[in-house]
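So you can see what is in the structure, the chains are spelled out below.
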Amino acid sequence: MNRQRVLYAALSTGLAAWLVNTAAGQLPDQRFDHLLERGPLRLLRAPNWRFFGPNPGVSDMHLLYRDLTSGTATEWKEIELVPDRPWYGLFWNATNRVPKVIFDALQVTVKASNESSADLPHIVATSGYQLLKRYLLTQVPHQPGADHTQFMMLQGHPEDEGKYTVKPMFASEHIPLTPALPAAATAQ
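Now for a look at the structure at hand. Starting from 1, residues in each chain are numbered consecutively following that chain's sequence as written. With pLDDT at 70 or above as the cut-off, local features in this predicted model cover only qualifying residues; side-chain atom pairs require 80 or more to be listed or tallied, and sums for whole chains, interfaces and linings still use all residues. Note: side-chain values were computed over all heavy atoms of the structure, leaving out hydrogens and water.

**With respect to the side chain of Q155**
Using the following cut-off: Secondary structure elements are taken from DSSP: a helix is a run of H or I of four residues or more, a strand is a run of E of two residues or more, and numbering for both begins at the N terminus. In the analysis that follows, any N or O atom pair within 3.5 Å is treated as a polar contact, provided that within protein one partner can donate a hydrogen and the other can accept it, and provided that, for residues neighboring in sequence, both atoms belong to side chains. By the convention used here, residues are in contact when the closest approach between their heavy atoms is within 4.5 Å.
Along the chain, Q155 falls in strand β4 (residues 148-158). A polar atom in the side chain of Q155 sits 3.0 Å from the side chain of S59. Excluding residues within four positions of it along the chain, Q155 makes contact with S59, D60, M61, T165, V166, K167 and M169.

**Some points on the environment of A125**
Counted only if it meets this: Buried means the residue's accessible area, taken with a 1.4 Å probe over protein chains only, is under 20% of the maximum for its type, while exposed means over 50%, and partly exposed covers the values in between.
Take A125: it is sitting in the loop between α4 (120-124) and α5 (127-139). In this structure A125 comes out as exposed when scored by relative accessible area, which is 62%. As a C-alpha pair, A125 and T109 span 16 residues in sequence and 9.8 Å in three-dimensional space.

**With respect to a nonpolar patch on the surface**
For clarity, the cut-off: Patch definition: residues above 30% relative accessible area lacking any salt bridge, with like charges linked at up to 9 Å and the nonpolar side chains Val, Leu, Ile, Met, Phe, Trp and Tyr linked at up to 5 Å. Working definition of accessibility: Shrake-Rupley area with a 1.4 Å probe, residue cover restricted to the visible protein chains. Definition used for salt bridges: Asp or Glu carboxyl oxygen within 4 Å of a side-chain nitrogen of Lys or Arg.
The grouping of W87, Y88, L90, F91 and W92 at the surface amounts to a nonpolar patch, some 780 Å² of accessible area in total. Note that Y88 resides in the loop between β3 (77-78) and α3 (97-115).

**Re the side chain of S172**
Relative to the helices and strands, S172 is located in the loop between β5 (164-171) and β6 (175-176). Its relative accessible area of 4% is what places S172 among the buried residues. Ignoring sequence-local partners within four residues, the contact set of S172 consists of Y129, Q150 and F151.

**Some thoughts on the pairing of strand β1 (residues 60-69)**
We count it as follows: Any two strands with at least two DSSP bridges between them are considered paired.
A large share of β1 lies buried, amounting to seven of its 10 residues. Both β1 and β4 contribute to a ladder of nine bridges, which runs antiparallel. Bridge pairing links D67 to T149 in β4. In terms of strand pairing, β1 meets strand β2 (residues 72-73) through two bridges, oriented antiparallel. Within β2, the residue paired with L68 across the bridge is A73. The hairpin formed by β1 and β2 contains two residues between the paired strands, and S70 there has a positive phi angle of roughly 50°.

As structure tokens, then:
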């Protein structure tokens, strides 16, 4: 037998086994999750990427911001994180990356807020807060003449009879819109 054919057959068999293992690991019935791990082949357990599990999302996160000019605040405006998808979004949706990163940053910030009993210096130091701050400073349009901005996260829950309950989760500090000058620049 040709050595190249043997290598091709072994590689194809391995990839097919991994595909079957991965597909079996995604089935809703979890009784068989450990079967492949303990079976005669002792295959590695495939990552579990069940979309709705184990804890499905049952609420919506909303990111709002407002600008402050000389201490006077504007109305809160919601940042639209999920734009309408184009028709080809089913196959290629590269624009979904930014909303996913922002959503993850929101989750990190809310988790830090809950774990630290709203200790603002601890929350401000998290990567999620820093990412949201940078996104707000670089990607969101601000009012002319505004010197500070602030963001707030809300969590919405659909309820019975078509009601929608909104609960505030976190409000940031006032974030300066102009970068602070280094100490050496102010000393001159």
